[in-house]
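Notes for the structure review
Residue strings, one per chain:
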Amino acid sequence: MNIDLSRRGFLKLAGAGVAATSLGAMGFDAAEAAEAAHVRAFKLATTTETRNICTYCSVACGIIMYSKGDLKAGEHAELIHIEGDADHPTNRGTLCPKGSALKDFVKSETRATQPRYRAAHSSEWQEITWDAAFDKMARALKDDRDQNFIEKNEKGQTVNRWLTTGFLAASGSTNETGWLTYKTVRSMGILAFDNQARV
Amino acid sequence: MTNAWTDIKNTDLVIVMGGNAAEAHPCGFKWVTEAKAHRGAKLIVVDPRFTRTASVADYYAPVRPGSDIAFLMGVIRYCIENDRVQWEYVRNYTNAALLVQEGFGWKDGLFDGYDPEKRAYDMDGWDYQRDDEGYALTDPTLQDPNCVWNLLKKHVDVYTPDFVADVCGTPKDRYLKICEMIAECSAPDRVMTSMYALGWTQHSKGAQNIRGMAMLQLILGNIGMPGGGVNALRGHSNIQGLTDIGLLSHTIPGYLSMPKDDEVDFETFMSTKLNKPTQRGQTSFWQNYRKFMVSFQKAMWGDAATAENDWAYDYLPKLDVPYYDILRFFDMMSKGQVNLYFCQGFNPLMSFPNRAKLTEALSKLKLLVVMDPLQTETAHFWENHGPFNDVDPAQIATEVLELPTTCFAEDEGATVNSGRWLQWHWPGATPPGQAKPDTWILSNVFLRVKELYRTEGGPFPDPILNLTWDYEDPYEPTPAELAKEMNGRALSTLYDPTDPAKVLVEAGQQLPNFAVMRDDGSTMSGCWIYAGSWTEDGNMMARRDNSDPGDVGLFLNWTFAWPANRRILYNRASADLAGKPWDPARKLLEWDGERWTGYDVPDISPTAKPGEVMPFIMTDEGVGRLFSRKGLKDGPFPTHMEPFESPVPNALNASLRGNPVARVFSNDLEQMAGIADPDFPCVGTTYRLTEHFHYWTKHSRVNAVLQPEFFVEISEELAAEKGIRKGGQVRVWSKRGEVFAKAVVTKRIRPMLVGGKSIHVIGIPIHWGFMGAARKGYSANTLTPFVGDANIDTPEFKAFLVNIEAAEKGPLA
């Protein structure tokens, strides 16, 4: 047998499963085809594949995510499996005990899924809308900056800083998120600004 | 990393010290296995514990937490004494021959000019002797007593094998065997690589640990070589990227510095950043600083940044202290000086030292905002979780917002790996519930603040009102738009300076690289080192060609590496003075008579003649620094310093406590154990486990099952001494707090003989808290001291003092 078949093509063929003709294309004879025909279809064949990078350490292994539904086509996409990307030069398909369990991180029961607010002295959360949360943050930022912004130091030098509000950024987020964070935080004059690189 | 994960296969010797790659970076460690299997490479592990990495090492030696500098200076001494030096490299590619000012000296563990009141050195003399034009004087014969080489020789003299064994607790025969193995790599055709992580950074002298290895690698001629370098394994998936983009108190994207109070205008700021070469004919690439800085200001403020207004220099806040790092800010918070705090994907309650102080500080905020894919301990700091978070919500006035964000599977963009590869990823899952991208959240908050300033006015609104915001949907800038902004574009047509008729870049086009950047406002770029990542040819970070010409492990068409898609930094140093590879079997670059050719993008001008332009183009000397001048606050050479909490006095000077120039707040000093404190006789050290990633994986069911429960590791000897049984409950306490844990009694940790005294080490993994799927547990940061590295204030998590006892009837029983 000497056929040129891409890995994804193989999955499609194997997953389609039932058609003896397609199995023939893979080099199976009729008896093998009959045997293969009653095997359950390969689950991943009907999924959308997406290339991604493991979110944990900075070895940054390539991963393939398999979802029910195609996000690009505007569908709801339900992640059902993650595996190592064999094409990736660093990990060549391997994953560690963390990467192998990535799906459980994405689908953790303790994901935050709803904006919530805790009032002073309260022992409970209450739900809050995004709009209300934005208004609350914007008002707090504006008021605190207005009250505490320092335009000049004791020597009369222009310093334009704001020290009563701080911001920690996330080194698990993308460069693009990092850049937008940088722009907004610095433009307000915040100096207490760090990410996990400090640890 | 100077090199790449995939380059480790080219090495002859791996030293893992200050890290545990097999445990913490398993899929990267595979390349060590590859080098062992296919090249016959050897692996050395030096660590307080017999780690997972040690279990597959060719040679292992223990070292006491916090004594690495003595070990490394000892190895340098061994190489010098035994003439195991890559001499041509050292003479030409390092500052060995440069003359240092008269009067530089070191005595009793301190450099000359120490001021105990200021906790600082007078650094004026930490510089070269210079001629009338400002160039450094040199003695290529290395005879002058003030040349760097002779000063180094003198500096390391005290680190004899006996001294090292006594301070580090490393058996002398094991130490000498390791010296011998390392010294072999001084041959031009033998290469060592260093792999380190937080085991070196989380000390009050972390930067000096790493400098010690960088110096050793220069002496062995291993920087710039395939299979060589100094390789920081790094932690989070994009910790490199966020460092590149400058999300730190004192930095601007692309490793530029935030201005200080005294730098009152742009010219004053630039006056300390001219980077004139200190040796004739050298590149000193930072002479381009002004181009990168002006391009950054144009990226931030567009038309509002003009030559007339100093490129909107006043829009940047100015620093009155070196930085407002997290330790400083939590200290301010604990004193009631902070009102609002935002934590975006960051869980400081678990990841900064002295947890009791952190809880007290958070309780004094008016409003805490947490944006995170997970429900973190920080967001829930006010909740009572029994002994695992023993607080009374009624006493805490802080308002809290918990905002759900997307995670990697649901978002798009680039993350940067340890080897500086910017790798693009795509979303493949619908976010759960109301989770939203950080960019959408930030835009909504920022645009509302901007609107409030527009309608209400307020102090200096200009930087907010004029911040560039050219996004198609202002409420949701796309990753592509943001990536393009970081790469930068021409604001007007750029002509070739040597041929004004020739157009280099049309107005509005993406910049092809950083070489075309200008300081006249005609280019913009958010992060100059990322120029080339999104060009007119498209998204270079999304490239997926995994071919590897020459089988050198570089993968030049796989994504994009900064700078300029270069995969090995300082790669010009892989060839000799004539431009021939030191090792023909390990060719990276070669001078063909007219230009540099080879497998990697040359780290030098492609036509810079060998023998004239030296390889280290980012330094103003053009060579690597064995003597770091005024670069680090705690000395131009690393000197042995004890941790702030030390089981023995400093062998060089018993009156020294910790790093003499590290910043310590007085109330924190009161909460530290004394030197050789009898109440806290054991050394604590913290670390990660392969099943877990910081405080994230306890939310993942599989990982929670694999390592469900907090434990500490102790030696059989300590267990016997304290009557602790295997699997029994113990109480471990420091001067700051206590934890209860299960005891793992193991042969992997052994007592060490230090200063004639037997020292026990207690290993404390970091992964537990009170949120998630794993069993609730105590957190290691309950115990650790509130002090950081003298240069960047990374907390000292790796060496501190504790005590331990059996506690069968404690809260876990």
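One numbering rule holds for all chains: residues counted from 1, following each sequence as written. As a convention, the first chain written is A and the first ligand written is 1, with the rest following in written order. Residues qualify for local features only when their pLDDT is at least 70, as the model is predicted, and side-chain atom pairs are given and counted only at 80 or more; totals for whole chains, interfaces and linings, by contrast, use all residues.

1. Remarks on the overall build of chain A
Think of it this way: any DSSP run of H or I at least four residues long counts as a helix, any run of E at least two long counts as a strand, and we number them from the N terminus. Helices and strands together make up the secondary structure of chain A, namely 6 helices and 8 strands. Our exposure labels follow a C-beta count within 10 Å of each residue's own C-beta, placed from the backbone: buried means 20 or more other C-beta atoms, exposed means 12 or fewer, and partly exposed covers the counts in between. Put simply, chain A has 199 residues, and 46% of those count as buried. Contact criterion: two residues are in contact if their C-beta atoms, reconstructed from the backbone, are within 7 Å. Here the contacts in chain A between residues at least 6 apart in sequence split such that 37% fall between residues at least 24 apart.

2. Considering the overall build of chain B
A tally of helices and strands in chain B yields 21 helices and 33 strands. Here chain B has a C-alpha radius of gyration of 27 Å; the compact-globule value for 813 residues is 28 Å, and the two agree. When burial is assessed residue by residue, chain B has 59% of its 813 residues classed as buried. Taking contacts inside chain B between residues at least 6 apart in sequence as the whole, the part at least 24 apart equals 72%. The globule rule used for comparison is 2.2 Å times the number of residues to the exponent 0.38, while the radius of gyration itself is calculated over C-alpha atoms.

3. Points about the UniProt feature "domain: Molybdopterin dinucleotide-binding" (unreviewed entry) in chain B
Per the UniProt record, "domain: Molybdopterin dinucleotide-binding" (unreviewed entry) is annotated on residues 685-800 of chain B. Between the C-alpha atoms that bound residues 685-800 of chain B there is a distance of 7 Å. The span itself is 11% helix and 29% strand. UniProt positions are given in the numbering used here, feature names are shortened, and annotations may be inferred rather than shown by experiment.

4. Description of the interface of chain A and chain B
Contacts between the two partners involve 104 residues from chain A and, on the opposite side, 131 residues from chain B. Breaking the side of chain A that touches chain B down by element, the ones donating at least two residues are strand 1 (48-53), strand 2 (62-68), helix 4 (102-106), strand 4 (116-118), helix 5 (130-148), strand 7 (158-168), helix 6 (175-187) and strand 8 (190-194) of chain A. Of the residues forming the side of chain A that touches chain B, the biggest block, 13 residues, is contributed by helix 5 of chain A. Two elements, strand 4 of chain A and strand 14 (residues 399-404) of chain B, share 3 bridges in a ladder whose sense is antiparallel. Of the residues in strand 14 of chain B, the one forming a bridge with R118(A) is V400(B). DSSP calls a pair of strands paired once it identifies at least 2 bridges connecting them.

5. Looking at the sheet that holds strand 8 (residues 192-196) of chain B
Residues and elements named next belong to chain B. Spatially, 5 strands are ordered 3-2-1-8-9 in an open sheet, and the strand pairing comes out parallel. Two strands lie at the open edges of the sheet, namely strand 3 (59-61) and strand 9 (230-232), each paired on one side alone. The average angle at which neighbouring strand axes cross in this sheet is 20 degrees, direction not considered. Across 3 bridges, strand 8 lies against strand 9 in parallel orientation. The residue bridging S194 from the neighbouring strand is V230, located in strand 9. Here an axis means a line fitted to C-alpha atoms, over the contact stretch when the element is a helix, while the angle between two N-to-C directions is reported on a 0 to 180 degree scale.

6. Examining helix 5 of chain A
Compared with an ideal rise of 1.5 Å per residue, which puts 19 residues at 27 Å, helix 5 of chain A spans 27 Å between its outermost C-alpha atoms and is within 8% of the ideal. All of the buried residues in helix 5 of chain A are A133(A), F134(A), M137(A), A140(A), L141(A), K142(A) and R145(A). Of the surrounding secondary structure, the elements contacted by the buried residues of helix 5 of chain A are strand 7 of chain A together with strand 12 (340-344), strand 13 (367-372), strand 14 and helix 16 (438-456) of chain B. To estimate how far a helix should reach, multiply one less than its number of residues by 1.5 Å.

7. Side note on the domain arrangement of chain A
According to the domain assignment, chain A consists of domain 1 (7-43), domain 2 (47-106) and domain 3 (149-198). Domain extents, as shown, originate in an automatic or database domain assignment. Taking the mean C-alpha position of each, domain 2 of chain A and domain 3 of chain A sit 33 Å from one another.

8. So, the environment of H203(B)
Residue and element names in this part refer to chain B. With respect to the helices, strands and loops of the structure, H203 is situated in the loop between helix 8 (198-201) and helix 9 (206-219). Classification of H203 by C-beta neighbours within 10 Å gives buried; the count is 32. In this structure, the C-alpha to C-alpha distance between H203 and G658, residues 455 residues apart in sequence, is 9.7 Å. With sequence-adjacent residues up to four places away left out, H203 is seen in contact with G66, N209, P643, D789, E796, K798 and A799.

9. Focus: the sheet that holds strand 23 (residues 560-561) of chain B
Residue and element names in this part refer to chain B. One open sheet accounts for 3 strands, arranged 15-16-23; its pairing is antiparallel. The open sheet has two edge strands, strand 15 (413-416) and strand 23, and neither has a second partner. Pairing of strand 16 (residues 421-425) with strand 23, which is carried by 2 bridges, proceeds in the antiparallel orientation. Each residue of the ladder has a partner; that of L422, found in strand 23, is F560.

10. Focus on unusual backbone geometry
Residues and elements named next belong to chain B. P563 follows W562 through a cis peptide bond whose omega is -10 degrees. Counting through the fold element by element, P563 comes out in the loop between strand 23 and strand 24 (589-591). The phi angle at R420 is positive, at roughly 70 degrees, despite the residue not being glycine. Relative to the assigned elements, R420 resides in the loop between strand 15 and strand 16. By C-beta crowding, R420 is classed as buried, having 22 other C-beta atoms within 10 Å. A positive phi angle is found at D793, which is not glycine, with a value near 60 degrees. With respect to the element layout, D793 can be found in the loop between strand 32 (761-765) and strand 33 (800-806).

11. Here's the deal with the domain arrangement of chain B
Residues and elements named next belong to chain B. Taken as a whole, chain B is organised into domain 1 (5-99 + 149-232) and domain 2 (666-806). One C-alpha centre belongs to domain 1, the other to domain 2; they are set 27 Å apart. Those elements that provide at least two residues to the side of domain 1 that touches domain 2 are helix 1 (21-24), helix 6 (161-168), helix 8 and helix 9. Charged residues are taken to be Asp, Glu, Lys and Arg, nonpolar residues to be Ala, Val, Leu, Ile, Met, Phe, Trp, Tyr, Cys and Pro, and polar residues to be all remaining types, Gly included. Looking at side-chain class alone, the side of domain 1 that touches domain 2 contains 8 nonpolar, 9 polar and 6 charged residues.

12. A few points about the pairing of strand 28 (residues 729-733) of chain B
All names here are of chain B. By the alternation rule, side chains of strand 28 split into V730 and V732, which are all buried, and Q729, R731 and W733, of which none is buried. Bridge analysis of strand 28 against strand 29 (residues 738-746) gives 5 bridges, and the strand direction is antiparallel. Residue pairing for strand 29: W733 is matched across the bridge by E738. The loop that links strand 28 with its antiparallel partner strand 29 comprises 4 residues.

13. Quick look at the UniProt feature "domain: Molybdopterin oxidoreductase" (unreviewed entry) in chain B
Listed under "domain: Molybdopterin oxidoreductase" (unreviewed entry) in the UniProt record, and renumbered for this structure, are residues 1-381 of chain B. Regarding residues 1-381 of chain B, the helix share stands at 35% and the strand share at 12%, and the terminal C-alpha atoms are separated by 36 Å.

14. A look at the confidence of the model for chain B
Reading fine detail from the predicted coordinates is not recommended where pLDDT is low. Of the residues in chain B, 100% reach a pLDDT of 70 or more, and the chain-wide mean stands at 97. Across the predicted assembly, pTM comes out at 0.96 and ipTM at 0.98. Scored from 0 to 100, pLDDT reflects the predictor's confidence in each residue.

15. Quick notes on the nonpolar core
Residues and elements named next belong to chain B. Put simply, a nonpolar core is buried Ala, Val, Leu, Ile, Met, Phe, Trp, Tyr and Cys residues tied into one set by C-beta atoms within 7 Å. The biggest cluster of nonpolar side chains holds 300 residues, and the ones touching the most others in it are V14 and V148. Top element by residues in this core is helix 3 (residues 68-81). It accounts for 9 residues. Excluding anything up to four places from it in sequence, V14 contacts I8, V32, A35, A41, L43, T193 and M195.

16. Quick word on the packing of helix 6 of chain A against helix 16 of chain B
Direction vectors running N to C along helix 6 of chain A and helix 16 of chain B enclose 15 degrees, while the axes themselves pass 9 Å from each other. Of the possible angle classes, the one that applies to helix 6 of chain A and helix 16 of chain B is roughly parallel. Crossing of helix 6 of chain A against helix 16 of chain B: the hand is left-handed. The residues of helix 16 of chain B that touch helix 6 of chain A, namely those facing T177(A), L180(A), T181(A) and T184(A), are D438(B), T439(B), L442(B) and F446(B). Residue composition of the contact of helix 6 of chain A with helix 16 of chain B, by class: 3 nonpolar, 4 polar and 1 charged. When describing relative orientation, an angle under 35 degrees is termed roughly parallel and one over 145 degrees roughly antiparallel, while 65 to 115 degrees is termed roughly perpendicular and anything else oblique. By definition, turning the near helix anticlockwise from the far helix through less than a right angle yields a left-handed crossing, and turning it clockwise yields a right-handed one.

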